[in-house]
Every structure is written in C-alpha cells, then in structure tokens.
Amino acid sequence: MIRSALISLLALAAALPLHALELELPGVAQLSHEETESATYYSLPVSPWLGTAAQMMTVEGALARSVWQVEDYSGNSAQLMAPLRAQIEAQGYAPVFACDATLCGGFDFRFAMDVTPEPAMHVDLGDYSYFVAQIEGEEGTEYVGLLTSRGGLRGYIHMVRISPSDMTPVSVAVSTRSPDGDEIVDIRESLTVQGTATLADLSFSTGSSTLAEGDYPSLMDLAAFLNDNPETRVVLVGHTDAEGSLEGNIALSRARAEAVRGYLIQTLGVDGAQLGAEGVGYLAPRANNASDEGRQQNRRVEVVVTSTR
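Residues numbered from 1 in each chain as written. Predicted model: local features only at pLDDT ≥ 70, side-chain atom pairs only at ≥ 80, totals over all residues. Heavy atoms only, no water.

Chemist: Could you give an account of a nonpolar patch on the surface, with specific residues and numbers?
Modeler: The grouping of Phe 107, Phe 111 and Leu 125 at the surface amounts to a nonpolar patch, some 310 Å² of accessible area in total. Looking at the element boundaries, Leu 125 is found in the loop between α3 (106–110) and β6 (128–137). (Patch = residues over 30% accessible without salt bridge, like charges linked within 9 Å, V, L, I, M, F, W, Y side chains within 5 Å. Areas by Shrake-Rupley, 256 points an atom, 1.4 Å probe, with all protein chains shown as cover. Salt bridge = Lys/Arg side-chain N within 4 Å of Asp/Glu carboxyl O. Helix = DSSP H or I, 4+ residues; strand = E, 2+ residues; numbered from the N terminus.)

In structure tokens:
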C-alpha cells in the first residue's frame, strides 16, 4: 500500500515568496539530515562524466540541504525520482540536466558531487538518479539539485537549494506515523549513535509472546539497517510488565524477543546470524506498572548492538 508523506519546503525569504516547494513522497519519510548556510559556493554537475571530469556549474548564494529516507521502499532510484521531478517542474522550475547512474558516469560522477555522507544519505553506485532545475526570482536564479538512490529496504532523497537571497532553515512537515498511528522510531540513527533502540510500535497482550497482526515500521527499519550492515550483530532484549512471577516473566520476555527474531528472519529476510534474543522480565521498567498505560509501555523489545565485526 502506498503511503504518502507530504513534504512542505517553505523558503521563507521575502525575496522568494512564490518559490515555496511542496513535494509528496511515495512512502513514510524521515528527515535524516538538514543544514543551511547563509552564503556559500556550491558546484552542480551539469553534464555526464566526460573522461576526466564533468562540466560543473558553480553558483553562489544561500544553501539549504535536506535528506530524507523513505521507509520500506521497493522501487528503484528512477522510480523514486520521476514523481519528484514532475512535481518540481509543475511548480515552475525548468530542467537543466538529468541522468541516471550508468549514463551519468557511475563512480566518477557520483564522487564529483558534494553529497551528505552515510548514514544519513546512501548512494548505490549502480542505482542513482540525478536532476538539476532552476527558476527565476526577483533577485536572481534559484537552483535545485536532486539525487535519489536506494539501499536495503529504503529509498534516499538528497536535495540542495541554492538561492540568491538569504534563506531561513526550510520548514519541513514529514509524516512520522504508520497508517495505524504508531510513532516510527529512527532505528538507524539510534543504533548508530547510541548502540541501542526501542522497538516502540510492537504490540503484545499481557501474558502473550505473540505479536499482534499488522505491519511494524520499526522492524522494517531494523531489517534495513542490518541488511545494509551485514557485519553488525545485535541482541533483541524482551521486557514485560510486573504481573506474575519473575521467573515466568523472564521466560515470557525471552519468548517475545524470540518472536521478534523469527519475524525478522522469516518475514523480512534478515540473516539469523546477526540476531540474538534474551529476556529480563520486569527488571528494567521504563514506566510505572501501576497503570494500564505504564504496563503497556513496559511490554517491549529493545535492540542492543553487540558487535560490528
């Protein structure tokens, strides 16, 4: 099922009031990187790789750079690019140059670009699409450079906007909820930075180790992270509420972790060698067990990175 995330990119500078750019992405999107510079130079490739270099167009102005990751994306980079390009052109931007990985020049062309590095942006050297467009404003020309790619179960969108006028940071409204309303956890960032993450959208009933039916964006996110990082090993740690004995809850929490491990392997195709499963019962609560809401929060599974070799 295609899930839409409305991305509203509002350039708030008074000189460019008509250039607010609105894009609809084919999936649940998370902003993984954002930055602005008030005055800089930025070089955009505007030709394929020509043996020793690509033709570069260097522009001066205020820079806004954003990167989004699209959850559970199964298409290719060209399919991700096509609707975005159509929307940009429909809003008055004129195309300057476009190419796909092989026609662009593969490795050489990709590294001629200034691209936000991993883990925020991933570029598959055999599957990326590139597009440059421009629009005239009262004080000069604004340029947009768009790069799409994919990796694992994610789509990646990298956008730069260079304006002749100073811009405040772009305002971005991105869906961070699944169709069922569950908050989507940025598993990749949490595991990369902190080495641990909570799978906050899992659903277990009291006393049960069975996952409720439905899609779990956190598990899709974890599967993409593990598929993109095959050297990484993690342990799934189950937790319970405080109803029942400690021994019984430790067994239950381990069973919940095993259920999640089985889902990742059987449904999402993760290598079982990357996954361990343990349980600690009710010994590490994150909320008060005196309320239904607190007990629900305590029935969870966490991910802990144990090795990256």
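There is more to say after this.
Chemist: Tell me what's going on with helix α5 (residues 217–228), and back it up with residues and numbers.
Modeler: Compared with the 16 Å implied by 1.5 Å per residue over 12 residues, the 16 Å span of α5 between its first and last C-alpha is a close match. Counting buried positions along α5 gives 10 out of 12 residues, so the element sits mostly inside the fold. Turning to α5, its buried residues number three or more, namely Pro 217, Ser 218, Leu 219, Met 220, Asp 221, Leu 222, Ala 223, Ala 224, Phe 225 and Leu 226. Buried-residue contacts for α5 involve β8 (154–163), α4 (187–193), β10 (233–239), α6 (246–266), β11 (275–279) and β12 (300–307). (Expected span 1.5 Å × (residues − 1). Buried < 20%, exposed > 50% of the residue type's maximum accessible area, 1.4 Å probe, protein only. Contact = heavy atoms within 4.5 Å.)

Chemist: Before we move on, could you go through the side chain of Arg 154 and cite the residues and values that matter?
Modeler: Along the chain, Arg 154 falls in strand β8. A relative accessible area of 0% means that Arg 154 is categorised as buried. Engagement of the side chain of Arg 154 in a polar contact is seen with the side chain of Gln 69, the distance being 2.4 Å. Those residues in contact with Arg 154, other than ones at most four positions away along the chain, are Gln 69, Val 70, Glu 71, Tyr 73, Arg 188, Asp 221 and Ala 224. (Polar contact = N/O pair within 3.5 Å; in protein donor to acceptor, adjacent residues only side chain to side chain.)

Chemist: Help me get a handle on the state of the cysteines, residues and values and all.
Modeler: Under the counting rule described, the total for this entry stands at one disulfide. Covalently, Cys 99 is tied to Cys 104 through a disulfide, its sulfur atoms 1.9 Å apart. Every disulfide takes its handedness from the sign of the S-S torsion; for Cys 99 and Cys 104 that torsion is 105°, giving right-handed. Classification of Cys 104 as buried rests on a relative accessible area of 0%. (Disulfide = S-S within 2.5 Å.)

Chemist: Please provide a residue-by-residue account of the pairing of β6, values included.
Modeler: Most of β6 sits out of view: seven of its 10 residues are buried. For strand β5 (residues 94–100) and β6, the ladder comprises six bridges, and the chain directions are antiparallel. Paired with Cys 99 across the two strands is Tyr 130, which belongs to β6. Count of turn residues in the β6/strand β7 (residues 140–151) antiparallel hairpin: two residues. (Pairing = 2+ DSSP bridges.)

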